[in-house]
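# Summary of structural features
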Amino acid sequence: MCTHRKVERTRLPPVLKKALRLPSLACKGLRRGAPVIGAVLLLAAGAYAVKTLLLDDEGAPAARLGVTVLPPGTFASAHPYAPYYVIPRKRFRDPSALTRLARNNLITRPESAVSKGAMAGSPQIVRLSLRAVSDEPVTVDAVRAKVISDARPLRGWFTAEAGCQVEPVRRARLNLDKPRAAARYIGADDRSSGTLSLAVTRTDPHVIELQAATRRHRVAWVAELTVRNADGEPATITVDDGGRPFRVTSVRSSRSYRPIYGQSGIIGYARQDTRLEDC
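Take the overall build of the chain next. Helices and strands together make up the secondary structure of the chain, namely three helices and 16 strands. In the chain, the share of contacts with a sequence separation of at least 24, taken over all contacts with a separation of at least 6, comes to 79%. Total accessible area on the chain is roughly 17,200 Å²; 53% of this is exposed by carbon and sulfur atoms.

Shown next, in the form of structure tokens:
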């Protein structure tokens with residue numbers, strides 16, 4: 001609301017008299033411009049509505065695909081020795097610093113090392129369950145890793161045992177040292193391909209295991225799924241670890257230990273070569 005105080009002007013200089021007239025002129029300008037301002041606000045509201053209801057609808061295909069990250073320990077990996085975890089030396093200098101139960105769990109429940117401050121060793125295993133959440137099928141065309149940050153590898157130690165009886169499942173191998181490199185897809189029949197084209201419906205869900213590897217760094221990353229709906233409209237779905245990036249470390253700065261078995265089970269650990277071989 002425009003108001004101004006009356007001031008005795010008879011004794012004021014001409015310059016001050018003109019200055020006192022400005023608020024009155026401004027109020028008149030606002031009253032005359034009110035219809036114009038209202039029209040501008042109406043157009044802006046209409047533009048926002050169009051963006052919200054029409055343009056933002058481009059993300060709809062992504063919303064029709066449900067993606068679940070399966071918790072570690074709830075499945076048998078398709079990798080010969082991963083998952084395993086690197087425990088930082090500053091927390092526990094070697095396996096002897098752990099309790100006997102904790103040392104045994106490194107083999108039977110490797111994910112238990114996370115409670116000791118451990119980080120997934122390369123390659124990190126992330127298994128996804130994919131299901132369409134409507135009657136419209138969704139096709140997953142590609143998976144890529146987006147690196148959020150990298151740093152020096154974690155200084156720690158780990159134990160990883162080869163288990164050559166792996167679970168056959170579709171895999172996507174991701175190179176975190178070269179995030180722009182295309183993923184390599186391995187079928188449950190072990191056939192390799194550079195393309196995916198995975199059709200997912202509500203009644204025909206699929207599982208894919210991501211194997212994200214780094215030889216030189218400690219990496220924080222997220223997965224990006226390229227999908228399209230039945231009309232071929234593309235979208236990108238970002239998958240992370242419960243709102244945080246996945247984290248994995250190279251073992252180049254870590255020591256490797258192998259379990260020593262006795263009649264009562266694991267009786268200790270011994271140093272071994274850090275090189276890990278596939279089956």
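Let us look at unusual backbone geometry. Residue Pro83 is bonded to the preceding Ala82 through a cis peptide linkage, with omega at 5°. Counting through the fold element by element, Pro83 comes out in the loop between β1 (65-69) and β2 (85-88). Residue Pro123 is reached from Ser122 by a cis peptide bond, and omega for that bond is 0°. With phi around 70°, Asp190 is a residue other than glycine that occupies positive phi space. Take Asp190: it is sitting in the loop between β8 (184-186) and β9 (192-193).

With that out of the way, let us pick up the nonpolar core. Core analysis: the largest hydrophobic core is formed by 29 residues, its most contacted members being Leu130, Leu210 and Trp221. At the level of elements, β4 (124-132), β5 (138-151), β7 (170-175), β10 (198-200), β11 (206-213), β12 (218-228), β13 (234-239) and β14 (246-249) are the ones that each hand at least two residues to this core. Looking at this core, the element that brings in the most residues is β12, giving five residues. The contact partners of Leu210, leaving out residues within four places of it in the chain, are Gln124, Ile125, Val126, Leu128, Val143, Ala172, Leu174, Trp221 and Ala223.

Counted by the stated rule, this structure contains two cavities of 30 Å³ or more. For the largest cavity, the calculated volume is near 50 Å³. Together, Tyr84, Tyr85, Ile87, Leu106, Pro110, Ala113, Trp157, Phe158 and Thr159 line the largest cavity. Elements supplying a minimum of two residues to the lining of the largest cavity: β2 and β6 (156-158). Its boundaries defined by the atoms lining it, the second largest cavity holds a volume of some 40 Å³. Those elements that place two or more of their residues in the lining of the second largest cavity are β5 and β7.

Attention now goes to helix α3 (residues 100-108). Three or more residues of α3 are buried, namely Ala102, Arg103, Asn105 and Leu106. Along the axis of α3, the buried positions cluster into a sector of 160°, meaning they face one direction only. Seen from the open side of α3, the exposed residues pointing more than 90 degrees away from its buried face are Leu101 and Thr108. As for α3, its buried residues are in contact with β2, β6 and β16 (265-272).

Below, the discussion takes up the packing of aromatic side chains. Geometry of an aromatic ring pair is reported as the spacing of the ring centres plus the angle between the planes. With the rule as written, the count across this model stands at four aromatic pairs. Aromatic pair Tyr84 and Phe158: ring centres 5.3 Å apart, planes at 45°, arrangement tilted. Taken together, the positions of Tyr84 in the loop between β1 and β2 and Phe158 in strand β6 put the pair 74 residues apart, joining distant regions of the chain. Ring centres of Trp221 and Phe246 lie 4.9 Å apart, and the angle between their planes is 35°; this geometry places the pair in the tilted category. Here Phe246 lies in strand β14 and Trp221 lies in strand β12, a separation of 25 residues in the sequence.

Bringing the confidence of the model for the chain into the picture now. Of the residues in the chain, 75% reach a pLDDT of 70 or more, and the chain-wide mean stands at 81. For the stretch residues 36-63, pLDDT sits under 50, and the model shows 12 contacts to residues farther than four places along the chain or on other chains.

Of the volumes computed, that of the second largest pocket is approximately 610 Å³. What lines the second largest pocket is a set of 28 residues, and nearest its centre among them are Val114, Ala118, Met119, Ala120 and Arg247. Put simply, the parts of the chain that give the lining of the second largest pocket at least two residues each are β2, β3 (119-121), β4 and β14. Grouping the amino acids of the lining of the second largest pocket by side-chain chemistry returns 17 nonpolar, two polar and nine charged.

What counts, and at which threshold
Residues numbered from 1 in each chain as written. Predicted model: local features only at pLDDT ≥ 70, side-chain atom pairs only at ≥ 80, totals over all residues. Heavy atoms only, no water. Helix = DSSP H or I, 4+ residues; strand = E, 2+ residues; numbered from the N terminus. Contact = heavy atoms within 4.5 Å. Areas by Shrake-Rupley, 256 points an atom, 1.4 Å probe, with all protein chains shown as cover. Core = buried A, V, L, I, M, F, W, Y, C linked by side-chain atoms within 4.5 Å. Buried < 20%, exposed > 50% of the residue type's maximum accessible area, 1.4 Å probe, protein only. 1 Å grid on protein atoms, 1.4 Å probe; cavity = no way out; pocket = protein on both sides within 12 Å on 5 of 7 lines; lining within 4 Å. Points joined across faces, edges and corners; volume = space filled by probe spheres on them. Arc of directions from axis to C-beta. Phe/Tyr/Trp six-rings, centres within 6.5 Å; stacked < 30°, edge-to-face > 60°. pLDDT = per-residue confidence, 0-100. Nonpolar A, V, L, I, M, F, W, Y, C, P; charged D, E, K, R; others polar.

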